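Close look at the chain arrangement
As a plain string of letters, each chain reads:
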Amino acid sequence: MTRHSKSRHRQRKKTKRRSKKKSSWLRRWLVKIGLLSCLVIAAYSVYLDYVVQHEFAGKRWAVPARVYGRPLELYPGAAVTADQLLSELKRLGYTKVRYPKQVGGYSRNGDRFLVHTRPFVFWDGKAPGQLLDLQFSGTHLSSLRSASGNSLSLARLDAPAVGSIYPAHNEDRVLVKRSDLPEALVRALIAVEDRGFYQHFGVDAKAIARALWANLRARGVVQGGSTLTQQLVKNFFLTRERSLWRKANEALMAMLLERRYGKDEILEAYANEIYLGQDGKRAIHGFGLASYFYFKRPLHELDLPKLALLVALVRGPSYYDPRRHPERAKKRRDLVLDIMRDQGVISATVAKKAALASLEVAGTKGSSAGRYPAFMDLVRRQLHRDYRGEDLTSEGLRIFTTLDPWIQQQSEKALAEQLSRLEAGKKGLQSAAVIADSQSGEVLAVLGGRTAGFAGFNRALDAVRPIGSLVKPAVYLTALMQPDRFNLLSPLEDTPLSVRNRNGDTWTPKNYDNKSHGTVPLHQGLAYSYNQATVRLGMSVGLDSVATTLRDLGIQRPVKTYPSLLLGAVSLTPLEVTQIYQTLAAGGFRSPLRAIREVQTAEGEQLQRYPLTVKQAVPADSVYLVNQVLQKVVRNGTGRALASFVSPQMNLAGKTGTTDDLRDSWFAGFSGDKVAVVWVGRDDNKSAGLSGSTGALRVWGKIMQRIQPMALELWPPESIEAVWIDPASGLRAEEHCAGAIQVPFISGSVPNKQASCVSNTNGSIFDTLIEAIFE
Amino acid sequence: MSKKAILGLALLPVLLTGCLESAYRAGAPVRESGQSPVQSVSKRAPVPVRQRSEPATPQAADDKEVQIAVYTPPPRFRPKPVASAAVSGLVETAERQKRSGDMTGAAATMERALRIEPRNAHLWNQLAEVRLEQGQFAQAEDLASKSNALAAADRDLRRNNWLLIAKARRSVGNSAGARLAENKANFSR
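Residues numbered from 1 in each chain as written. Chains lettered and ligands numbered in written order. Predicted model: local features only at pLDDT ≥ 70, side-chain atom pairs only at ≥ 80, totals over all residues. Heavy atoms only, no water.

1. Section: the overall build of chain B
Heads up, the rule is: Helix and strand definitions here come from DSSP, where helices need a minimum of 4 consecutive H or I residues and strands a minimum of 2 consecutive E residues; each element is numbered from the N-terminal end. In this scheme, a residue with accessible area under 20% of its type's maximum is buried, one over 50% is exposed, and one in between is partly exposed, where area comes from a 1.4 Å probe on protein chains only. A contact between two residues is defined here by any heavy atoms of the two lying within 4.5 Å.
What chain B contains, in helices and strands, is 7 helices and 1 strand. Written out in order from the N terminus, the α and β elements of chain B read α-β-α-α-α-α-α-α. Per-residue burial over chain B gives 52% buried out of 189 residues. Of the contacts made within chain B by residues no fewer than 6 positions apart, 62% connect residues no fewer than 24 positions apart.

Printed below as a string of C-alpha cells:
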C-alpha cells in the first residue's frame, strides 16, 4: 500500500468518525478538484505537446510556386543590345561594382560588360556562377568570353523571378535553411530580439523582468520580453489577441517546443515564418522572400546594413516600412547596429561604417511579384490543367515560363504611349495584346489592358470580340487550298450582292469605302480587304470549309456558319487570334501557344516538360501564297501605315480588322520570329472611333519598333513555282515580255495559256517537251 | 521551262545520308504534357509535296505599276544553314544525352537550340529523330515535315526526313503512307 492510499484510508476513517463535519467534506472536494485540475493541466499539456509536435514536425511551409521568366541567352551574334542586358541585370538585382569579384555583380565600360553570374538550377541542370566578359556592337552581342579570355559559345543569366502562385491566405515565402542564414543576420536577430536565445528553455525570466521594468518606467509597452521561440509560437499557433490566457499558452508551448527541438530548428522555422512586409494583398513571410522583396537579390548576397534592416523590420514591418517611412526605417536599422555593437557582435568601426550606408531598397515597381498579372493569369490557367491548386500554392514548385520580361516591358510602354495618343478627344479606350514566338508558339508577352501591372479584367484572355477582317486570310486560304480552282490571279467580282441567311434575312455586305471595285484579282481582294469580293469567294468555297480552316488554324470554340462569318462575325479573344496567326506565320505548322516550358520540384528535380509540338495543320504552299499577300497588305494595302514605324525592308506581314461602328480595332501580323495581335476598343462595347489601321495598327507598329524583330523572309515550299505573267491578261508570259511580273503558283495550277508576247517559235522543241512533262 | 532545268537535273548530286538509326530506348521518367502514346496518324497525312526540280534562279520581279509588288523570290539553292557555335554545342550535348538514353533531356536541348536558330531545318530534323526514338510517331512525322518545309534544296536532309516519316508511318501500321514517303525519299536522291 502506498503512502497516498494510506493517508486516504486514514482520511476515510476520520470521515467516518466525524461524518457530520462540513469542513472535512469541503476539504475532500477541494482535493478532488485540485487533483482534477492537475489532471486537466497535464492532459492539456499533453494535448499542446501533441499540437506543437504535430504542427512543427509536420510543418511543411506552404511555399508558393515560384515562377520564372525565360533566362536571357547570351552567345556571339545574339540580338541583344547593351541596354537590354542592363535592363535584365537590373531586373535580376545585380549590383554595379568596379570589378565583379562576387556573384551578382557587374561592371560596365561603354559597350563592354563584366558580369559575374549567379549559380542557378535550370531545368536541365545546375549552372555554376561564372565571370563573363561581354562586348556589344550596336544591335547585337559581338563577343562572349570568360574572364580568363577564352571565347565562349553560349551562356545564360539566371532566370528572372516574375511571380509566385500563393494560396488564398496570401502568404508568400522563399524557404531558407538554417545553413543559408547569414551569420550576421542570426547574430543581429539574437542581439536585438532575444539575447538569451542559446541559454533559455523557451521563456526568459530575465528578459521578462527586464521588459517589465522598462515598461513600468515608461508607463507603457516599450519592450517585449518574448523569446524568439515565443514569437514563433505566437505566429505559428495563436491568434493576435492580447490576453493573459494566450500569453500563458504561448509560454507553455514555447517550453514544449524547446524540449522537443534544437535551437537551430527553431531558428530556421522562425526565419521562414516571421512576417516582414506587405505587397498589396501578398504577405511577405520569412527572410528569404524579404530579401527579394526589399533588395531584389538572394539573402546571401546582402551586406551588413541590409541584413540589419531586415532585423529592424521584425518589430513592425509596416511601421518601419523602408519604402514608405525611410527615415524611421533607417533610425531603427541604426539602432540594430548600435545594439550589435554594444553587445560586442560587431566592432564600433564596422557599425559606424554600416550606419553610413543608405537603405538601398529596390523600388516597388521592380519587385518580382505582381508585375505581370496578365501573363501570370495565362500561366495559372495552363497549370491548373495539370496540377491541384494546393500543390501550386504549397509545394514550392519552380515554374519556368516563356515570358520575356524585356519584350513585355517594351510592349507595355508602346501600348501606353500609343493609346494616350489615340485617345485624344476620346475616353475609355482599352487595349490588349499578345506577342508570341512564331515558330514555337511560346508566348513572350501578354498585355491585359492599358495599365501595365494592373491585375483587372484580362482582355488578352477574356475579351471575346468579333474579329472583323482578321478572318479573311482564312477565307482566302480555304480558296487557295483548292489550287485547281483558285490562284492569286483568279478574278473575283467585287460587286454588290445579297446573301440569304439561314433565317431568311438577306444580308447585303458593303465595302469599307462604300464602293465596289469590279473585277479584281484574288490577291487584291485580300490585300485591300474588299468585303464583297471576299463574301463571293467565301460563298463559293463554302462556309463549312472556311469554318474547318479556322479550326485547323487553331480556334477551338464552335464557329457559327452564317455568311457574316466571312467578314468576321466570329468572336474571339486576342489570344485565340494569336493562335490563328501563329499557324500562318509558321507556314501552316500549328504549335499550340504555350506559356510554360518546364516544372521543377522545390529541390530542383525535373517534374514535367511542356514540349514544343508542331502539327501540319494546313498545306504549306497555300499558306505561302496567303502570306505573300499579307506582306502586300503591309507594303501597299490596308496596313501600309506601318511604314512609319518599321522599315519596309522588314517585309512584315499582317492584317487589319475593324468591326461595325468602329467598335473593335484589330491588327494581327508577324515578322520572321514574332507573331503579335493587338486589339483596341472599349469595355462597354461602344464605338471606339478607330479602324484597324487607325487604331490597333499604331500600337502594333510601335511594339514592333521597340522590340526589333527579325525581318520576314518567306521561303517557298517545294511545290511553289514562280512564273512570269502578263498582268494585263493574267496569262503566262516570259521574262522578256514588257511589264511581265513573277507570280507564285502551286505546281499544277500554273496557267497554260500564253500571252501574245510569247512567240511559240521562240521555244525550242526541247523546252516544250520539258513543259509537257511537268505541267 | 528553260534549259537550265535539264542541266540542273543532270547535275543533281547523288548524295546519300546515313540510314536512320532507331534504337528504341525507354524515355526518361519526366512527364511531358500532351504526350499520349497513341496518336492517330491517319487523321491528316501531310499534304504531298509535289517534287519538282527547278534549279532556275529567277530574278526579282521588275514591277512598276503592277499589282503584285509582293513577290521577291529568294534564291532556290541556299547553302546549308551553318549552325553557330552556340547551336553546335547544344547539338553535341543533345547527341550525348541521346546516347545515354536521356531523350527528354535531348529534346529540351534541341528546343533550346531551336530558340536560337528557329529556321535551321537540321535542328527540326534532329528533334524529329528524338521523338521517333521515344515512339511519338505522329509528332516525329510533323517535325520532319516542318524540317522539310525549311530544308529548301538540301536533298540529303529531305531524304532523311522522308525516310524518318516512312519509319514513323510504318510504326503505326500505315504502310501505304510509308511507301509513299519512301518514294519521296528516293526522289530526293
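2. Topic: the pattern of salt bridges
Residues and elements named next belong to chain A. Applied cut-off: One side-chain nitrogen of Lys or Arg within 4 Å of one carboxyl oxygen of Asp or Glu is enough to make a salt bridge.
A complete count under the given rule lists 51 salt bridges over all chains for this structure. Note that arginine 156 is salt-bridged to aspartate 124, the shortest N-O span being 2.7 Å. Of this pair, arginine 156 sits in strand β10 (residues 155-156) while aspartate 124 sits in the loop between β6 (120-122) and β7 (125-127), and the two are 32 residues apart along the sequence. On the accessibility criterion, aspartate 124 (33% relative accessible area) is partly exposed.

3. Observations regarding the confidence of the model for chain B
All names here are of chain B. Basically, it comes down to this: Each residue carries a pLDDT score, the predictor's own confidence in it, on a scale running from 0 to 100.
Per-residue confidence for chain B gives a mean pLDDT of 71, with 57% of residues at or over 70. Within chain B, helix α1 (residues 3-10) has the poorest average pLDDT of any element, 46, and helix α4 (residues 121-133) the best, 96. Contacts for the low-pLDDT stretch residues 73-81, under 50 throughout, to residues beyond four places or in other chains number 24 contacts. Complex prediction metrics read pTM 0.81 and ipTM 0.81.

4. Some points on the packing of helix α4 (residues 183-193) of chain A against helix α10 (residues 304-313) of chain A
All names here are of chain A. Short version of the rule: A fitted line through C-alpha atoms serves as each axis, taken over the contacting stretch for helices, and the angle formed by two N-to-C directions is quoted from 0 to 180°. By definition in this entry, angles of less than 35 degrees are roughly parallel, angles greater than 145 are roughly antiparallel, angles of 65 to 115 are roughly perpendicular, and the rest are oblique. By convention the crossing between two helices is left-handed if the near helix lies anticlockwise of the far one by an angle smaller than a right angle, and right-handed if it lies clockwise. Each residue gets one label: Ala, Val, Leu, Ile, Met, Phe, Trp, Tyr, Cys and Pro are nonpolar, Asp, Glu, Lys and Arg are charged, and the others, such as Gly, are polar.
It is at 9 Å that the axes of α4 and α10 come closest, and there the two elements cross at 40 degrees. The orientation of α4 relative to α10 falls into the category oblique. α4 and α10 meet at a crossing whose hand is right-handed. On α10, the residues that touch Ala184, Leu185, Ala188, Leu189 and Val192 of α4 are Leu304, Leu307, Leu310 and Val311. Partitioning the contact of α4 with α10 into residue classes produces 9 nonpolar, no polar and no charged.

5. Thoughts on the side chain of A:Glu598
Mapped onto the elements, A:Glu598 comes out in strand β25 (residues 596-600). Classification of A:Glu598 by relative accessible area gives buried; the value is 10%. Non-local contacts of A:Glu598, meaning those with residues more than four positions away in its chain, are made with A:Trp123, A:Arg398, A:Ile399, A:Phe400, A:Gln608, A:Arg609 and B:Ala108.

6. Considerations on a nonpolar patch on the surface
Our working rule: The residues that make up patches have over 30% relative accessible area and no salt bridge, and they are joined within 9 Å when like-charged or within 5 Å when they are Val, Leu, Ile, Met, Phe, Trp or Tyr. Surface exposure here means Shrake-Rupley accessible area, sampled with a 1.4 Å probe, where a residue is shielded only by the protein chains that are shown.
On the surface, A:Trp25, A:Leu26, A:Trp29, A:Leu30 and A:Ile33 cluster together into a nonpolar patch covering about 550 Å² of accessible area. Turning to its location among the elements, A:Leu30 is positioned in helix α2 (residues 22-57).

7. A word on the environment of A:Ser143
Residues and elements named next belong to chain A. Residue position: serine 143 is located in strand β9 (residues 140-146). Sequence separation of serine 143 and alanine 78 is 65 residues, and the distance between their C-alpha atoms is 9.5 Å. Those residues in contact with serine 143 that sit more than four places away from it in its chain are Asp133, Leu134 and Gln135.

8. Things to note about the packing of helix α6 (residues 155-171) of chain B against helix α7 (residues 175-187) of chain B
Residue and element names in this part refer to chain B. At a minimum axis separation of 8 Å, α6 and α7 run at an interaxial angle of 170 degrees. Comparing their axes, α7 and α6 come out roughly antiparallel. Residue-level inspection shows Arg159, Trp162, Leu163, Ile165, Ala166, Arg169 and Arg170 of α6 in contact with α7, the latter providing Ser175, Gly177, Ala178, Arg179, Leu180, Ala181, Glu182, Lys184, Ala185 and Asn186. Classifying every residue of the contact of α6 with α7 gives 8 nonpolar, 3 polar and 6 charged.

9. Brief notes about the sheet that holds strand β5 (residues 112-116) of chain A
Residue and element names in this part refer to chain A. Rules: A pair of strands is considered paired only if DSSP assigns at least 2 bridges between the two.
Across the sheet, 5 strands lie side by side as β3-β4-β5-β8-β9; this open sheet has mixed pairing. Whereas interior strands pair on both sides, the edge strands pair on one side only; in this sheet they are β3 (95-96) and β9. Strands β4 (105-109), β5 and β8 (131-137) of the sheet are contacted by helix α3 (residues 82-91), whose axis makes an angle of about 25 degrees with β5.

10. Brief notes about the nonpolar core
The nonpolar side chains of soluble globular proteins are, as a tendency, buried together. Residue and element names in this part refer to chain A. Applicable threshold: Note on terminology: a nonpolar core comprises buried Ala, Val, Leu, Ile, Met, Phe, Trp, Tyr and Cys residues joined through side-chain atoms within 4.5 Å.
By size, the foremost hydrophobic cluster in this structure holds 96 residues, and its most contacted members are Leu383, Ile399, Val577, Tyr581, Leu630 and Phe670. Ranked by residue count, the leading element in this core is helix α22 (residues 620-636), at 7 residues. Every residue in contact with isoleucine 399, bar those within four places of it in the chain, is listed here: Ala65, Arg66, Val67, Tyr68, Ile165, Val379, Leu383, Leu392, Ile596, Glu598 and Val599. Counting residues in hydrophobic clusters, the runner-up holds 61 residues, among them Val174, Leu257, Ala271 and Leu359.

11. Quick word on the packing of aromatic side chains
Residue and element names in this part refer to chain A. Applicable threshold: Centre distance within 6.5 Å is the pairing criterion for rings of Phe, Tyr and Trp, where only the six-membered ring of Trp is used; planes under 30 degrees apart are then read as stacked, over 60 as edge-to-face, and the remainder as tilted. Definition used: whenever NZ (Lys) or CZ (Arg) falls within 6 Å of the ring centre and also within 35 degrees of the ring normal, the charge is taken to sit over that ring.
Here the structure, examined in full by the defined rule, presents 13 aromatic pairs over all chains. A connected cluster of aromatic rings, assembled from ring pairs, spans Tyr68, Phe120, Phe122 and Phe400. Lying over the aromatic face of phenylalanine 295, lysine 306 brings its terminal NZ or CZ to 5.9 Å of the ring centre. Over the ring of tyrosine 319 we find arginine 328; its NZ or CZ atom is 3.9 Å from the centre of that ring.

12. A word on helix α5 (residues 137-151) of chain B
The test is simple: Given the number of residues in a helix, its expected span is that number minus one, multiplied by 1.5 Å.
Along its 15 residues, α5(B) runs 20 Å from first to last C-alpha, staying within 8% of the 21 Å computed at 1.5 Å per residue. Phi turns positive one or two residues past the end of α5(B), at B:Ala152, with a value near 50 degrees.

13. Some details on the environment of A:Gly93
Residue and element names in this part refer to chain A. Within the element layout of this structure, glycine 93 appears in the loop between α3 and β3. Glycine 93 sits in the buried class, given a relative accessible area of 4%. Distance in space between the C-alpha atoms of glycine 93 and tyrosine 292 is 8.6 Å, their sequence separation being 199 residues. When neighbours within four sequence positions are excluded, glycine 93 is seen to be in contact with Gly104, Arg118, Lys296 and Arg297.

14. Some thoughts on the sheet that holds strand β32 (residues 731-732) of chain A
Hydrogen bonds along the backbone pair up the strands of a sheet, which may run parallel or antiparallel. All names here are of chain A. Pairing in this open sheet of 3 strands is antiparallel, and the strands run β32-β31-β33 from one edge to the other. Two strands bound the open sheet, and with one partner strand each, they are β32 and β33 (741-746). Pairing between strand β31 (residues 720-726) and β32: 2 bridges, direction antiparallel. Bridge pairing in β32 links aspartate 726 to leucine 731.

15. What about the pairing of strand β13 (residues 275-279) of chain A?
Along a regular strand, successive side chains alternate from one face of the sheet to the other. All names here are of chain A. Where β13 lies against strand β14 (residues 282-285), 4 bridges are found, and the strand directions are antiparallel. Bridge pairing in β14 places tyrosine 275 opposite histidine 285. Between β13 and β14, which pair antiparallel and follow one another directly, the connecting turn spans 2 residues, one of which, glycine 280, has a positive phi of 65 degrees.

16. Re the side chain of A:Gln608
One can find A:Gln608 in strand β26 (residues 606-609). Assessed through its relative accessible area of 2%, A:Gln608 is described here as buried.

17. Structural notes on unusual backbone geometry
All names here are of chain A. The phi angle at glutamate 360 is positive, at roughly 55 degrees, despite the residue not being glycine. Along the polypeptide, glutamate 360 turns up in the loop between α12 (348-356) and α13 (373-384). Taking the relative accessible area as the measure of exposure, glutamate 360 reaches 43% and is therefore partly exposed. Positive phi, normally seen in glycine, also occurs at asparagine 514, with a value near 60 degrees. Considering the arrangement of structural elements, one finds asparagine 514 in the loop between β21 (506-507) and β22 (518-521). By relative accessible area, asparagine 514 is classed as exposed at 61%.

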